[in-house]
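# Per-entry structural report
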Amino acid sequence: MPKVSFIDKFGAESQVDCEIGATLMTSAKRAGIKGIEAECGGTLSCATCHVYIENADEKIAPASSSEDEMLEAVAAERKPVSRLACQIPITDGVDGIVVRIPETQF
Amino acid sequence: MDFTEALKLRMDEMAAACTQCGKCFEVCPMVGPVGLANEDPRLVLAGIVEQLQGKEGSESSQKWAAACTGSGYCISACDYAVNPRSMLKLANYARVVRESGDQVRKNAIAAFRGMAQSLRTVSRLQLSSAQLAELEDAGPLASNKPADITLYTGCNLYKSPHILVLVLEVLRRMNATCRLVGGPSACCGINQFRTGDGESSGRAGLSTLKKIAEQDSVEKISWCPSCQSQFEDVIIPNFNKIEPQTDFQLEMFFVWLERRLDQLIPLFKHPVQKRVAVNERPGYPLVVAAVKKILSSIPGVEVVDLDVPRVGLMSNYLTVTPNFKTYLRDTEFHAAVEANVTTLATIFHACHREICEFDGVYSFEIINVMEIIGESMGVHADDIYKLLKVHNSAEELLEYCSDLIAEHGLNASEAFAILIKEQAAEKPMQGKILEDASFNPAVTEH
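The rules behind these values
Residues numbered from 1 in each chain as written. Chains lettered and ligands numbered in written order. Predicted model: local features only at pLDDT ≥ 70, side-chain atom pairs only at ≥ 80, totals over all residues. Helix = DSSP H or I, 4+ residues; strand = E, 2+ residues; numbered from the N terminus. Rg over C-alpha atoms; globule rule 2.2 N^0.38 Å. Buried ≥ 20, exposed ≤ 12 C-beta atoms within 10 Å, placed from the backbone. Contact = placed C-beta atoms within 7 Å. Axes fitted to C-alpha atoms, helices over the stretch in contact; angles between N-to-C directions. Parallel < 35°, antiparallel > 145°, perpendicular 65-115°, else oblique. Left-handed = near helix turned anticlockwise from the far one by under 90°. Nonpolar A, V, L, I, M, F, W, Y, C, P; charged D, E, K, R; others polar. Pairing = 2+ DSSP bridges. Core = buried A, V, L, I, M, F, W, Y, C linked by C-beta atoms within 7 Å. pLDDT = per-residue confidence, 0-100. Right-handed = clockwise from strand over helix to strand, strands pointing away. Expected span 1.5 Å × (residues − 1).

All right, on to the overall build of chain A then. Counting its secondary structure elements, chain A contains two helices and five strands. Listing the helices and strands of chain A from first to last along the sequence gives β-β-α-β-α-β-β. Taking 13 Å as the expected radius of gyration for a compact globule of 106 residues, we find that chain A reaches 12 Å, a close match to that expectation. For chain A, with 106 residues in total, the buried portion stands at 41%. Relative to all contacts within chain A whose residues are 6 or more apart in sequence, the contacts with residues 24 or more apart total 66%.

The following block contains the structure:
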């Protein structure tokens with residue numbers, strides 16, 4: 001199982017084993033990671049699963065135009081490394097990525 | 001075919017099917033309150049058809065479509081089976097798309113997020129994490145068999161959770177296994193649709209439809225008339241165009257319950273000595289009829305009909321005409337006093353949230369229908385929303401909810417502000433206020 005590190009807004013880090021085929025959002029929710037709200041359940045309606053992925057490199061496909069449009073509406077600062085966790089499928093490639101959770105989702 | 005293409009096709013079909021006879025306009029209770037009483041019905045309908053065709057329509061047609069409160073009197077008035085309520089919803093959508101341009105996505109996100117934030121705050125001020133988890137999932141099944149029922153709650157029922165607690169307990173006592181689908185992550189797409197974002201609305205609604213279908217229950221029932229209407233008017237017809245071989249239907253909870261009255265009646269073990277008027281909403285007349293039949297079957301309950309005008313799918317739809325809404329509410333309250341009822345029973349959650357604060361102000365109590373059904377079965381759930389509503393100051397609220405505020409890590413002042421905004425029903429369901437200042441509801445024919 002790929003391992004992903006989540007760092008919350010206070011700097012606390014959690015390692016999560018993620019199932020292939022899930023998304024980064026559902027993996028975080030299942031693991032009880034706080035701060036990824038995902039109110040819409042992954043239907044690209046809310047932009048409340050905003051995260052910063054600083055070492056994505058080639059591991060994750062770039063954001064689609066729909067995701068890019070939703071990222072315009074995130075509550076915390078949008079950065080070049082901003083992504084929506086619901087749009088990132090878990091593959092072997094995501095092993096080792098570090099996901100920072102923003103200050104707020106609303 | 002994608003969702004927005006299916007929508008366009010349906011708008012074209014409706015535009016072609018409507019004969020513009022104007023009968024739907026003539027029976028609409030919103031015509032007077034928004035100042036359209038002197039308009040030519042045929043011309044207004046001509047404007048509606050233009051809107052469906054992607055054109056501007058007329059000022060009158062735009063206003064009429066925007067003012068629809070979902071009463072549904074137009075449906076039986078139409079001789080051509082067009083379903084004018086659906087037609088107006090689509091015409092209003094077409095106008096919003098035209099007017100909002102590239103802002104539709106941002107507006108849709110803001111509308112959805114506002115709903116989700118209000119819901120999460122109001123429900124967390126009433127329920128612990130464990131209680132919320134129980135209501136979001138009815139629990140594991142005893143076997144791997146599909147549950148007898150999948151109950152689609154919609155979103156905002158969780159703001160008055162005592163109703164849902166009672167629904168689940170009644171189902172349990174009927175030995176009906178149940179799976180729940182609901183909350184913002186199972187949205188019907190209404191917020192996105194109203195803001196003109198058909199693509200997001202379709203994504204949300206179809207995702208929810210599939211979640212309900214995946215439960216594989218024989219019976220698929222829904223609580224919320226707003227979600228039911230969104231499914232019937234938009235999501236299911238579009239789904240049928242995208243996947244023509246499928247058959248998906250939702251039945252409203254009380255209609256389902258009334259069909260099982262034989263099973264229910266033996267559970268009514270405790271007489272309930274109440275003289276009850278029902279807070280009727282005309283949007284789904286079968287629901288009103290079912291509620292009255294169920295209540296009439298409870299030993300001790302006497303159902304009283306009030307001869308008052310009935311408007312709107314739920315009370316919150318009337319926020320487009322606040323004076324008319326107040327008039328309707330006061331008329332119903334005074335009729336209830338005159339009829340000497342002990343109880344005014346709300347059916348739907350949004351109506352309950354809006355009028356429950358008047359409990360005890362008049363000579364009758366205001367409770368939900370499920371509380372009466374529950375009482376006859378010996379089941380009770382506290383109406384915490386009502387308790388929150390009568391707390392008038394931040395200090396009172398903080399004291400009452402302090403444990404839950406701490407458990408959920410809520411910001412107390414932010415939570416209070418959200419609750420007050422929600423309770424004041426500041427957000428009109430259909431958009432801005434459209435009321436005609438010169439309209440006198442006391443002389444309306446409806």
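Text resumes after the structure shown.
Moving on, we come to the packing of helix α20 (residues 394–408) of chain B against helix α21 (residues 412–423) of chain B. Relative orientation and spacing of two packed helices are given, respectively, by the angle between their axes and the distance between those axes. All names here are of chain B. It is the contact of α20 with α21, at a shortest axis distance of 11 Å, that shows an interaxial angle of 115°. The angle between α20 and α21 places the two elements in the roughly perpendicular class. Where α20 crosses over α21, the handedness of that crossing is right-handed. Listed contacts from α21 to Ala394, Leu397, Leu398 and Ile405 of α20 are Ala412, Ser413, Ala415 and Phe416. Its residues assigned to classes, the contact of α20 with α21 comprises seven nonpolar, one polar and no charged.

Let us now look at the sheet that holds strand β2 (residues 178–182) of chain B. Strand order across the open sheet formed by four strands is β2-β1-β3-β4 (chain B), with parallel pairing between neighbours. With partners counted over all chains shown, the strands left at the sheet margins are β2 and β4 (251–252) of chain B, one partner each.

What follows concerns the interface of chain B and chain A. Taken residue by residue, the interface counts 16 residues in chain B and 13 residues in chain A. For the side of chain B that touches chain A, the elements supplying multiple residues, two or more each, are α7 (104–124) and α11 (198–214) of chain B. Examining the composition of the side of chain B that touches chain A, we find that seven residues originate from one element, α7(B), more than from any other. Split by residue class, the side of chain B that touches chain A holds seven nonpolar, five polar and four charged.

This brings us to the nonpolar core. Counting 155 residues, the largest nonpolar core has A:Ile36, A:Ala85, B:Ile48, B:Leu52, B:Val167, B:Val291 and B:Ile372 as its most contacted members. Setting aside anything within four residues of it in sequence, one finds B:Leu52 in contact with B:Met11, B:Met14, B:Ala15, B:Leu90, B:Ala91 and B:Ala94.

Here we take up the packing of helix α1 (residues 3–17) of chain B against helix α6 (residues 84–100) of chain B. Residues and elements named next belong to chain B. Relative orientation of the contacting elements α1 and α6 amounts to 120°, with a least axis distance of 10 Å. Overall, the two elements α1 and α6 adopt an arrangement that is oblique. Crossing of α1 against α6: the hand is left-handed. Contacts between α1 and α6 involve Arg10, Met11 and Met14 from the former and Met87, Leu90 and Ala94 from the latter. Of the residues contributing to the contact of α1 with α6, the split by class is five nonpolar, no polar and one charged.

Our next topic: the confidence of the model for chain A. In the predicted model, chain A carries a mean pLDDT of 93, and 100% of its residues have values of at least 70. When mean pLDDT is taken per element in chain A, strand β3 (residues 50–53) of chain A scores highest with 97 and helix α2 (residues 65–71) of chain A scores lowest with 92.

The side chains of a regular strand alternate, residue by residue, between the two faces of the sheet. Residue and element names in this part refer to chain B. Most of strand β1 (residues 149–154) sits out of view: six of its six residues are buried. One ladder, built from five bridges, connects β1 with β2; its direction is parallel. Across the sheet, residue Thr150 finds its bridge partner in β2, namely Arg179. Read as a crossover between parallel neighbours, the route from β1 over helix α9 (residues 161–173) to β2 is right-handed. Pairing analysis gives four bridges linking β1 to strand β3 (residues 219–222), with the strands arranged parallel. Across the sheet, the residue bridging to Ile149 is Glu219, located in β3.

Moving on to the sheet that holds strand β6 (residues 301–304) of chain B. All names here are of chain B. Read from one edge to the other, the open sheet built from four strands follows the order β6-β5-β7-β8, with strand pairing classed as parallel. The strands lining the two open edges of the sheet, one partner per strand, are β6 and β8 (365–368). Looking at each pair of strands side by side, their axes are set apart by 35° on average, direction ignored. Sheet topology note: the strand β5 (residues 274–279)/strand β7 (residues 343–346) ladder contains four bridges and is parallel. Considered in β7, the bridge of Ala277 is made with Leu344.

A few words now on α9(B). Residues and elements named next belong to chain B. Helix length check: α9 (13 residues) gives 18 Å between terminal C-alpha atoms against 18 Å at 1.5 Å per residue, within 8%. Counting buried positions over the 13 residues of α9 gives ten, a clear majority of the element. One or two steps after α9, the chain reaches Asn175, where phi turns positive at roughly 60°.

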